[in-house]
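Examining the three-dimensional arrangement
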Amino acid sequence: RSAEETNAALQKHTRHKSNIPPQSSIICCCTSKMSPLTFPKRTTCTVLLLSLGQVANAFHPVVSPTTTSSIRHYQQDSLTQMSLTNENDTVNVDNTPQNNVFSRRDALVKGAFFSFVVATSQSANAFDNKISNKYDDRPKRKGPQPKDLGIATRKDMIGEEYQGLKPCGPAPNCFCSTDSIEDDPEHNIPAWSWPADVKSKEEAFIQLQDVVNSYKPGQGNIDGGGFKIIKFDSSSGYLYAQFEALKNGYIDDVEFAAMGGDNIVQVRSSSRVGYLDFGVNAKRLNYIAKGLRAKGWDATGVDFKVHPDYAMQNQVQ
């Protein structure tokens, strides 16, 4: 985009002034390949401003009277807004002669630095139990974490309120036991329940936690990027975990919440990005349900005969 458009975009999405000189190009080296100026939570982005003369000098080291370079680190402070690391920082232009040489060596040094930033950031954000490092160099599309997870007041299709987990929406990439079976049979699955010999909610959720922790990344060729329990509270009866795809880094959100009866557990598994899930959420829930059934739970899982549209669109059976 032009310098004027870039300046306007930066001023719109940050709280700071920007002054990118004319005939400049902006190169973003980010830890996540998202749409321009939209980054997931805690993404660090290094922005390198280069004049067109400097890009040429990276391959032909000559002195140019108009070359400039300025590196700024942007740290996101919300899901949709970035801010400069220094609250009073601005993008400045330095045209002094000693800063006008941009050689092949400069390009190699800066390129190596950016590669190090990207590699270390992706590695730091990866789950410890992923099955391979083979695809670490690929850009990851984790997607933003939903803000309205957990049990909350929801509205059904006719506007009536109910207590439940976040509803699925229209895409065939989600299952939720608190979605109405009348309104949304394709996304609804039965709630799970623990057996009578489990004497308390706390005991039941510790059992559930053990089963989730025993999940095998890569089973059924899914979740090779590993998983992590993000929030666990046995006293209130809630478990929230994230599961990651190996190649593209897609993150799915999985929740279990005690609600609806003395021994009832509501269940939700959903993809953040994309439309289809190619059976991933069903395979995951069925794997966990099988582990719980071995402990005496009533955990039905996902039956493709009950969800024919999901099975057809995602080409699973």
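Residue indices follow the written sequence of each chain, beginning from 1 at its first position. pLDDT decides what is reported in this predicted model: residues at 70 or higher carry local features, side-chain atom pairs at 80 or more are listed and counted, and totals for whole chains, interfaces and linings draw on all residues regardless. Remark: hydrogens and water are excluded; side-chain values derive from all non-hydrogen atoms of the structure.

Let us look at the state of the cysteines. The disulfide criterion is simple: two cysteine sulfur atoms within 2.5 Å. This model, assessed by the stated rule, comprises 1 disulfide. The partner cysteine of Cys-168 in its disulfide is Cys-174, sulfur to sulfur 2.1 Å. One quick way to see it: the torsion about the S-S bond of Cys-168 and Cys-174 is about -70 degrees, and its sign makes the bridge left-handed. Each of the two residues, Cys-168 as well as Cys-174, counts as buried. Burial here depends on accessible area, computed with a 1.4 Å probe over protein chains only, as a share of the maximum for the residue type. Under 20% is buried, over 50% is exposed, and the range in between is partly exposed.

Here, a salt bridge means any Lys or Arg side-chain nitrogen found within 4 Å of an Asp or Glu carboxyl oxygen. Per the stated rule, a full pass over the model turns up 8 salt bridges. Arg-284 is the partner of Asp-252 in a salt bridge, and the nearest nitrogen-oxygen pair spans 2.8 Å. Of this pair, Asp-252 sits in strand β11 (residues 251-258) while Arg-284 is found in helix α5 (residues 280-293), placing the two residues 32 residues apart along the sequence. Residues Asp-252 and Arg-284 agree in their burial class; the two are buried. Here Arg-272 and Asp-253 are joined by a salt bridge, their closest N and O atoms 2.9 Å apart. In this pair, Arg-272 sits in the loop between β12 (264-271) and α5 while Asp-253 sits in strand β11, placing the two residues 19 residues apart along the sequence. Each member of the pair, Arg-272 as well as Asp-253, is classed as buried. Overlapping salt bridges, with partners in common, bring together Asp-148, Arg-154 and Lys-166 in one network. Secondary structure elements are taken from DSSP: a helix is a run of H or I of four residues or more, a strand is a run of E of two residues or more, and numbering for both begins at the N terminus.

Inspection of the secondary structure assignment puts Cys-174 in strand β7 (residues 174-176). For the pair Cys-174 and Asp-252, spaced 78 residues apart in sequence, the C-alpha separation works out to 9.3 Å.

Using only the protein atoms, space was sampled on a 1 Å grid; points where a 1.4 Å probe fits but cannot get out form cavities, open sets with protein on both sides within 12 Å along at least five of seven lines form pockets, and lining residues are those with an atom within 4 Å of a point. Grid points are joined across faces, edges and corners, and a volume is the space filled by probe spheres set on the points. In this structure, the second largest pocket occupies an estimated 510 Å³ of space. Lining the second largest pocket are 25 residues, and of these Ala-245, Asn-248, Tyr-250, Asp-277 and Val-280 sit closest to its centre. Sorting the residues of the lining of the second largest pocket by element identifies β11 and α5 as the ones contributing at least two each. Here the lining of the second largest pocket is composed, by residue class, of 11 nonpolar, 6 polar and 8 charged. All residues other than Ala, Val, Leu, Ile, Met, Phe, Trp, Tyr, Cys, Pro, Asp, Glu, Lys and Arg, Gly among them, are scored as polar; the first ten of these are nonpolar and the last four charged.

Quick look at the nonpolar core now. Definition used in this section: a nonpolar core is a set of buried Ala, Val, Leu, Ile, Met, Phe, Trp, Tyr and Cys residues joined via side-chain atoms within 4.5 Å. By size, the foremost hydrophobic cluster in this structure holds 33 residues, and its most contacted members are Trp-192, Val-212, Phe-256 and Ile-288. Put simply, the parts of the chain that give this core at least two residues each are α4 (201-213), β9 (227-233), β10 (238-244), β11, β12, α5 and α6 (308-314). Here the element with the most residues in this core is α5; it accounts for 6 residues. Residue contacts for Val-212: discarding those within four places in its chain leaves Phe-227, Ile-229, Leu-239, Phe-243, Phe-256 and Ile-288. Formed by 8 residues, the second largest nonpolar core is a distinct cluster that contains Cys-168, Cys-174, Tyr-238 and Ala-257. In this analysis, two residues are considered to be in contact whenever any of their non-hydrogen atoms come within 4.5 Å of each other.

Right, let's talk about α5 for a bit. Expected helix span is computed as 1.5 Å times (number of residues minus one). Taking 1.5 Å of rise per residue, the 14 residues of α5 would be expected to cover 20 Å, and the 20 Å separating its terminal C-alpha atoms lies within 8% of that figure. Listing the buried residues of α5 in full gives Val-280, Asn-281, Ala-282, Arg-284, Leu-285, Ile-288, Ala-289 and Leu-292.

What follows deals with the confidence of the model for the protein chain. Residue-level confidence of the predictor is summarised by pLDDT, bounded by 0 at the bottom and 100 at the top. Here the protein chain shows a mean pLDDT of 74. Residues at 70 or above account for 61%. Low pLDDT (under 50) marks residues 14-18, which in the prediction has 19 contacts with non-local residues, meaning those over four places away or in another chain. Note on residues 112-124: pLDDT under 50 across the span, and 15 contacts to partners over four residues away in sequence or across chains.

What follows concerns the packing of α4 against α5. Where α4 contacts α5, the axes come no closer than 9 Å and their chain directions differ by 130 degrees. On the basis of the axis angle, α4 is oblique to α5. You can see that α4 and α5 cross each other, and the crossing is right-handed. When α4 is examined against α5, the residues Leu-208, Val-211 and Val-212 are found in contact with a partner set consisting of Ile-288, Gly-291 and Leu-292. Each axis is a line fitted through C-alpha atoms, and for a helix only the stretch in contact is used; angles between axes span 0 to 180 degrees, taken between their N-to-C directions. Orientation is classified from the angle alone, with under 35 degrees giving roughly parallel, over 145 giving roughly antiparallel, 65 to 115 giving roughly perpendicular, and any other angle giving oblique. A crossing counts as left-handed when the near helix is turned anticlockwise from the far one by less than a right angle, and as right-handed when that turn is clockwise.

This paragraph deals with the pairing of β11. In terms of burial, β11 is a largely internal element, 7 of the 8 residues being buried. Should DSSP find at least two bridges between two strands, the strands are taken to pair. Pairing of β10 with β11 involves 7 bridges; the strand directions are antiparallel. Bridge pairing in β11 links Phe-243 to Asp-252. Hairpin connection from β10 to β11: 6 residues lie between these consecutive antiparallel strands, with Gly-249 at a positive phi of about 75 degrees. In this structure, β11 lies alongside β12, joined through 7 bridges in antiparallel fashion. When the bridges of β12 are listed, Ala-257 appears paired with Gln-266. Once β11 ends, the chain turns through 5 residues before running back antiparallel as β12, passing Gly-260 with a positive phi of about 105 degrees.

On to the packing of aromatic side chains, then. The relation between two aromatic rings is expressed through the spacing of the ring centres and the mutual angle of the planes. Think of it this way: a Phe, Tyr or Trp ring, Trp meaning its six-membered ring, pairs with another when their centres are within 6.5 Å, and the plane angle makes it stacked under 30 degrees, edge-to-face over 60, tilted otherwise. For the structure shown, the criterion picks out 8 aromatic pairs. For the ring pair Tyr-215 and Phe-227, a centre distance of 5.7 Å and an interplane angle of 85 degrees mean the geometry is edge-to-face. You can see Tyr-215 sitting in the loop between α4 and β9 and its partner Phe-227 sitting in strand β9, a full 12 residues away along the chain. Residue class for Tyr-215 comes out buried when judged on its relative accessible area of 4%. Through successive ring pairs, a cluster of aromatic residues spans Tyr-215, Phe-227, Phe-243 and Tyr-287.

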